[in-house]
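Residues per chain are reported as follows:
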Amino acid sequence: NQNDDCPICMEKMDATDALRVRHFGCCGKAICMTCAIATAKRKMVLCPMCRGDPPVTEADKKRMQKECAKDGHAWAQYNVGHYYAEENDTREGLKWYTRAGERNFAAAGNELGKIYQDGETVARSYEQAFHWFEKGANAGCADCQSSLGALYVDGSGVDVDKSKAVYYCTLAFHKAQCNLAAYYL
């Protein structure tokens, strides 16, 4: 679930926020970054959730994440999409990013929006870019909010709407994660 409590400290966490959540490839579970840092400081070697061995090599990490992706974990689907994109297998990367995006994993919405906006690896489609940026923005992704605001400014894939542009850029600006938002404000 996207909006769960951290099983260690019980603080609210958004499982789609890769900067504030640590996912474990061994079991597919997640904890907040504060608890992840605390476990690292304590030099815990085993996963705090399943007590399993975390992946040691990059190949093990990829294999475990592919297993988690096949089991339907959106964070792993996103990571697998990233692996394929890095290997220039855009078709497989797009497939996994799309699966994660359909499960409302905000970062996937941002990647898909950029892919369709750039049009380098797929046919450029501002309508698809808008769709994915909007999906990610509604899931709380500041990068998507900023990009969506930019689309409303430019009228790319959507009618020009300055009030919506200001709304989405302001959301992104308040998260203090996107310099682009400040440019459009």
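Cut-off values and rules
- Sequence order sets the numbering: in each chain, residues are counted from 1 along the sequence as written.
- pLDDT decides what is reported in this predicted model: residues at 70 or higher carry local features, side-chain atom pairs at 80 or more are listed and counted, and totals for whole chains, interfaces and linings draw on all residues regardless.
- For the side-chain quantities, the full set of heavy atoms in the structure was used; hydrogens and water were omitted.
- The secondary structure listing takes helices from DSSP runs of H or I that are at least 4 residues long and strands from runs of E that are at least 2 residues long, numbered from the N terminus.
- A contact between two residues is defined here by any heavy atoms of the two lying within 4.5 Å.
- Three labels apply to residues, based on accessible area from a 1.4 Å probe with only protein chains included: buried if under 20% of the type maximum, exposed if over 50%, partly exposed otherwise in between.
- Any carboxyl oxygen of Asp or Glu that lies within 4 Å of a side-chain nitrogen of Lys or Arg is treated as forming a salt bridge with it.
- Each helix should span, by expectation, one fewer than its residue count multiplied by 1.5 Å.
- Taken from the helix axis, the directions to the C-beta atoms give the arc we talk about.
- Here a cavity denotes a set of grid points, spaced 1 Å apart and computed over the protein atoms alone, in which a 1.4 Å probe fits but from which it cannot get out, and a pocket denotes an open set meeting protein on both sides within 12 Å along at least five of seven lines; residues with an atom within 4 Å of a point are reported as lining.
- Grid points are joined across faces, edges and corners, and a volume is the space filled by probe spheres set on the points.
- Just so you know the grouping, Ala, Val, Leu, Ile, Met, Phe, Trp, Tyr, Cys and Pro go in nonpolar, Asp, Glu, Lys and Arg go in charged, and all remaining residues, Gly too, go in polar.

A. View of the environment of C144. Mapped onto the elements, C144 comes out in helix α7 (residues 142–154). Spatially, the C-alpha atoms of C144 and F130 are 9.4 Å apart, while their sequence positions differ by 14 residues. Apart from residues no more than four positions distant in its own chain, C144 is found in contact with A106, G109, N110, W132, F133, G136 and A137.

B. Representation of unusual backbone geometry within the structure. Of note in this structure, M10 is not a glycine but carries a positive phi near 70°. Following the sequence through the fold, M10 ends up in the loop between β1 (3–5) and β2 (12–14). Looking at M10, the relative accessible area reads 52%, which means it is exposed. The phi torsion at N104 lies on the positive side, around 65°, for a residue other than glycine. The residue N104 is located in the loop between α4 (90–102) and α5 (106–118) in this model. Residue N104 is classed as partly exposed on the basis of its relative accessible area of 32%.

C. Structural view of the pattern of salt bridges. For the coordinates displayed, the defined rule picks out seven salt bridges. Between D60 and R63 there is a salt bridge; the shortest N-O distance is 3.9 Å. One end of the pair, D60, and the other, R63, are both in helix α2 (residues 58–70), three residues apart, so they sit about a helical turn from each other. Relative accessible area serves as the criterion here: at 28%, D60 is assigned to the partly exposed category. Judged by relative accessible area, which is 42%, R63 ranks as partly exposed. Note that E67 and R63 form a salt bridge whose closest N and O atoms lie 3.1 Å from each other. With a gap of four residues between them, E67 and R63 both fall in helix α2, about one helical turn apart. Residue classification places E67 among the partly exposed positions, given a relative accessible area of 42%. Through salt bridges with shared partners, a single ionic network connects D60, R63 and E67.

D. Helix α8 (residues 162–174), seen in detail. For α8, spanning 13 residues, the distance from its first C-alpha to its last is 18 Å, which sits close to the expected 18 Å at 1.5 Å a residue. Within α8 the residues assigned to the buried category are A165, Y168, C169 and A172. Looking straight down α8, one finds its buried side chains confined to an arc of 95°; they lie on one side. Every exposed residue of α8 that faces more than 90 degrees away from the buried side is listed here: S163 and H174.

E. Region of interest: empty space enclosed by the protein. The final tally for this structure, using the stated rule, is one cavity of 30 Å³ or more. Roughly 30 Å³ of volume is contained in the largest cavity. Taken together, G101, N104, F105, A106, G109, W132, K135, G136 and A139 make up the full set of residues lining the largest cavity. Elements with a contribution of two residues or more to the lining of the largest cavity: α5 and α6 (126–138). For the lining of the largest cavity, the element with the highest residue contribution is α6, accounting for three residues. Looking at the lining of the largest cavity residue by residue, the class counts come to four nonpolar, four polar and one charged.

Purely geometric stuff here, so don't read any function into it on its own.
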